[in-house]
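Summary of structural features
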Amino acid sequence: MSETLELLCRGAAATEAAAGPVAALLRGGDVVLLDGDLGAGKTTFTQGLARALGVEETVTSPTFTLVHSYTTRGGVELYHVDVYRLDGPAEIADLGLSEMLDDGGAAVIEWGEKAVPVLRPDYLRVRLELTGTGTGTGTDTDTGSDGDRRLLLHPVGPAWQERWGRLSSALRPFAVAGGRR
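Residues numbered from 1 in each chain as written. Predicted model: local features only at pLDDT ≥ 70, side-chain atom pairs only at ≥ 80, totals over all residues. Heavy atoms only, no water.

**Re unusual backbone geometry**
Under the convention used in this document: Numbered from the N terminus, helices here are DSSP runs of H or I no shorter than four residues, and strands are runs of E no shorter than two. Any residue under 20% of the maximum accessible area for its type is buried, any over 50% is exposed, and the rest in between are partly exposed; the area is computed with a 1.4 Å probe on protein chains only.
Not every positive phi belongs to a glycine, and leucine 66 is a case in point at roughly 75°. Relative to the assigned elements, leucine 66 resides in the loop between helix 2 (42–52) and strand 3 (67–71). Assessed through its relative accessible area of 16%, leucine 66 is described here as buried. Positive phi outside glycine occurs at tryptophan 111, with the angle close to 65°. Among the secondary structure elements, tryptophan 111 is positioned in the loop between strand 5 (106–110) and strand 6 (123–134).

**Comments concerning the pairing of strand 2 (residues 31–35)**
This is how the line gets drawn: At least two DSSP bridges between two strands are required for those strands to pair.
Extensive coverage of strand 2 is indicated by the burial of five of its five residues. Residues Val31, Leu33 and Asp35 point to one face of strand 2 and Val32 and Leu34 to the other, with burial holding for every one of them. Looking at chain direction, strand 2 and strand 5 are connected through four bridges and run parallel. Residue leucine 34 lies in a different strand from strand 5, and its bridge partner there is glutamate 110.

**Here's the deal with the pattern of salt bridges**
We count it as follows: Salt bridge, as used here, is a side-chain nitrogen of Lys or Arg placed within 4 Å of a carboxyl oxygen of Asp or Glu.
The full count for this structure, using the stated rule, is 10 salt bridges. Among the salt bridges present, the one from arginine 125 reaches aspartate 35, with a minimum N-O distance of 2.7 Å. Of the two residues, arginine 125 is situated in strand 6 and aspartate 35 in strand 2; the sequence distance between them amounts to 90 residues. Its relative accessible area of 4% is what places aspartate 35 among the buried residues. Bridged by salt links that share partners, the residues Glu6, Arg127, Glu129 and Arg150 form one connected network.

**Notes on the environment of glycine 28**
Rules: By definition, residues are in contact when any of their heavy atoms lie within 4.5 Å.
Turning to its location among the elements, glycine 28 is positioned in the loop between helix 1 (12–25) and strand 2. Each residue touching glycine 28, except ones within four places of it in the same chain, is listed here: Val76, Gly104 and Gly105.

**Quick word on the side chain of threonine 4**
The line we're drawing: Here a polar contact is recorded for every N or O atom pair within 3.5 Å, except that within protein the pair must consist of a potential hydrogen donor and a potential acceptor, and residues adjacent in sequence are included only if both atoms are side-chain atoms.
Structurally, the position occupied by threonine 4 is in the segment before strand 1 (5–10). Residue threonine 4 is classed as buried on the basis of its relative accessible area of 16%. At 3.2 Å, the side chain of threonine 4 forms a polar contact with the side chain of histidine 154.

**Examining the pairing of strand 3**
The two faces of strand 3 differ: His68 and Tyr70 on one face are buried, but Val67, Ser69 and Thr71 on the other face are not. In the sheet, strand 3 pairs with strand 4 (residues 77–82) via five bridges, with the strands oriented antiparallel. Residue pairing for strand 4: serine 69 is matched across the bridge by tyrosine 79. The hairpin formed by strand 3 and strand 4 contains five residues between the paired strands, and glycine 75 there has a positive phi angle of roughly 90°.

**Comments concerning the packing of helix 1 against helix 2**
Filter applied, for reference: Only the stretch in contact is used when a helix axis is fitted, and all axes are lines through C-alpha atoms; the angle between N-to-C directions ranges over 0 to 180 degrees. With respect to orientation, any angle under 35 degrees is reported as roughly parallel, any angle over 145 as roughly antiparallel, any angle of 65 to 115 as roughly perpendicular, and every other angle as oblique. Crossing chirality is assigned from the near helix's rotation relative to the far helix, an anticlockwise turn below a right angle marking it left-handed and a clockwise turn marking it right-handed.
In the contact formed by helix 1 and helix 2, the axes pass within 7 Å of each other and the chain directions differ by 50°. Of the possible angle classes, the one that applies to helix 1 and helix 2 is oblique. Relative to helix 2, the crossing made by helix 1 is right-handed. On helix 2, the residues that touch Ala12, Thr15, Glu16, Ala18, Ala19, Gly20, Val22 and Ala23 of helix 1 are Thr44, Phe45, Gln47, Gly48, Leu49, Arg51 and Ala52.

**Brief notes about the packing of aromatic side chains**
Formally: We call Phe, Tyr and Trp rings a pair once their centres come within 6.5 Å, taking the six-membered ring for Trp, and we label the pair stacked below 30 degrees between planes, edge-to-face above 60, and tilted otherwise.
A complete count under the given rule lists one aromatic pair for this structure. Between tyrosine 84 and tryptophan 111, the aromatic rings sit 4.7 Å apart at their centres with planes inclined by 45°, giving tilted as the arrangement. Here the residue tyrosine 84 occupies a position in the loop between strand 4 and helix 3 (89–93), and tryptophan 111 occupies one in the loop between strand 5 and strand 6, the gap between them amounting to 27 residues. Given a relative accessible area of 41%, tyrosine 84 falls into the partly exposed group. For tryptophan 111, a relative accessible area of 11% puts it in the buried group.

From the geometry alone we can't say anything about function, so treat these as descriptive.
Right, here's the structure in full:
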């Protein structure tokens, strides 16, 4: 049985920083599913992940284009996908996620719970929730605020299970006391 790790990120910069350890363990073929309400910080997390992978381009939400592609420092293509506006598994499958992953790319999927039916059962699920506290300095690209976030990370499948101990250790600075379940 896998665990869930609970993190507290105080502001957008900490949300981006928490993505760094995930990026350090990301491989071609991997999927990171991001869930959370509008403005919870899904794009902010992806920006931190991309930055940690050496992406120099500006990372923006693919809400209308559905997929943005970024070449990482290591040569792995990072696909940033937003399935919010898609109506079901068939439309999500039409994006070609399987082919992107088979070609060695890695994907970060916003509104990831909608994509589960068309994915292999091997991914890292990250749930982001605004806590209602924070500085409100206007630096978060998702919300216009810099509020605190609670992140819940949960590995699904053997690839992320195998890396779970390393990921948990690397994220220890963000972990909530007793935040393992």
